[in-house]
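In case you want the letters, here they are:
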Protein chains: 2
Amino acid sequence: MYVIAVYDVNEKRVAKMLKLCRRYLNWIQNSVFEGEISEVKLKEMVIEAEGIMDVTTDSLILFKSRNSRWLDKQIVGQEKMSTDNFL
Amino acid sequence: MYVIAVYDVNEKRVAKMLKLCRRYLNWIQNSVFEGEISEVKLKEMVIEAEGIMDVTTDSLILFKSRNSRWLDKQIVGQEKMSTDNFL
């Protein structure tokens, strides 16, 4: 499964969320991550994220696609991630 | 075409980028937008974005999918967008 994850958490929790997401996905920009991940691993990540987040104020959005070929990525301006994260 | 757009621009240009993206897509979180858009309209948006951005430091990433049914969205924590933007 191919996943794009974007979070918006209070700055107190940003470092922890960054560290967590980096363990499961590839960082591509600011608070945006992407990568191939199994459903089980993603569930694990969500449970860990819920442990870090204040779910009444913080937010994590996951876009899931069965196949990364169904998604086309275009970068305008500066490319911040390493090239091996390209689709 | 279904598009997810995430930008990372210098704070001096955030207000302009926000305004631009809102004109074409639905705001869902922080600097994240999504929506149905034609290829022509998207090109128009990218040209306008390039006019706002400093392309040597700022970044705009577009994930494009032919069909929104190929993408499944999961929200953890606070849902910040209005419900009519749901997939």
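See the structure shown above.
Residues numbered from 1 in each chain as written. Chains lettered and ligands numbered in written order. Predicted model: local features only at pLDDT ≥ 70, side-chain atom pairs only at ≥ 80, totals over all residues. Heavy atoms only, no water.

A. Spatial organisation of the sheet that holds strand β5 (residues 71-77) of chain A. With antiparallel pairing, five strands are arranged side by side in an open sheet as β5(A)-β4(B)-β1(B)-β3(B)-β2(B). In this open sheet, the two strands that pair with only one neighbour each are β5 of chain A together with β2 (26-29) of chain B. On average, each strand axis in the sheet is inclined to that of its neighbour by 25 degrees, with strand direction left out of account. Note: strand β1 (residues 2-8) of chain B against strand β3 (residues 32-36) of chain B, five bridges, orientation antiparallel. Directly across from Tyr 2 of chain B, in β3 of chain B, lies its bridge partner Glu 36 of chain B. Here helix α1 (residues 11-24) of chain B sits on the sheet and contacts β1, β2, β3 and β4 (59-65) of chain B; the angle it forms with β1 of chain B, its principal contact strand, is near 175 degrees. Strand contacts of helix α2 (residues 39-52) of chain B: β5 of chain A together with β1 and β4 of chain B, with the helix running at about 175 degrees to β4 of chain B, the strand carrying the most contacts. (Pairing = 2+ DSSP bridges. Helix = DSSP H or I, 4+ residues; strand = E, 2+ residues; numbered from the N terminus. Axes fitted to C-alpha atoms, helices over the stretch in contact; angles between N-to-C directions. Contact = heavy atoms within 4.5 Å.)

B. How the structure looks around the interface of chain A and chain B. Taken together, the contact pairs 35 residues of chain A with 35 residues of chain B. Taking both sides of the interface into account, the surface hidden between chain A and chain B amounts to around 3,200 Å²; carbon and sulfur atoms contribute 56%. Linking chain A with chain B are 19 residue pairs in polar contact (both at pLDDT 80 or more), by the criterion used here. When residues of the side of chain A that touches chain B are traced back to their parent elements, those giving at least two are β1 (2-8), β2 (26-29), β3 (32-36), α2 (39-52), β4 (59-65) and β5 of chain A. Residue composition of the side of chain A that touches chain B, by class: 17 nonpolar, nine polar and nine charged. Across seven bridges, the pairing between β4 of chain A and strand β5 (residues 71-77) of chain B is antiparallel. (Buried area = accessible area lost by both parts, 1.4 Å probe. Polar contact = N/O pair within 3.5 Å; in protein donor to acceptor, adjacent residues only side chain to side chain. Nonpolar A, V, L, I, M, F, W, Y, C, P; charged D, E, K, R; others polar.)

C. Expanded view of the sheet that holds β4 of chain A. Within the open sheet, the five strands sit side by side as β2(A)-β3(A)-β1(A)-β4(A)-β5(B). Their pairing is antiparallel. Of all strands in the sheet, those bounded by a partner on one side alone are β2 of chain A together with β5 of chain B. Strand-to-strand twist across the sheet, computed as the mean angle between neighbouring axes with direction ignored, equals 25 degrees. As defined by bridge partners, β1 of chain A adjoins β4 of chain A across seven bridges and the pair is classed as antiparallel. Looking across to β4 of chain A, one finds that Ala 5 of chain A is bridged to Leu 62 of chain A. Relative to the sheet, helix α1 (residues 11-24) of chain A contacts β1, β2, β3 and β4 of chain A, its axis offset from that of β1 of chain A by approximately 175 degrees. Across the sheet, α2 of chain A lies against β1 and β4 of chain A together with β5 of chain B, angled at about 175 degrees from β4 of chain A, the strand it touches most.

D. The side chain of Asp 58 of chain A, seen in detail. Here Asp 58 of chain A shows up in the loop between α2 and β4. Of note is the side chain of Asp 58 of chain A, whose polar atom sits 3.1 Å from the backbone nitrogen of Asn 10 of chain A. Not counting chain neighbours up to four residues away, the residues in contact with Asp 58 of chain A comprise Asp 8, Val 9, Asn 10, Arg 13 and Met 53 of chain A together with Val 76, Gly 77 and Gln 78 of chain B.

Any functional reading would require information that these geometric values do not contain.
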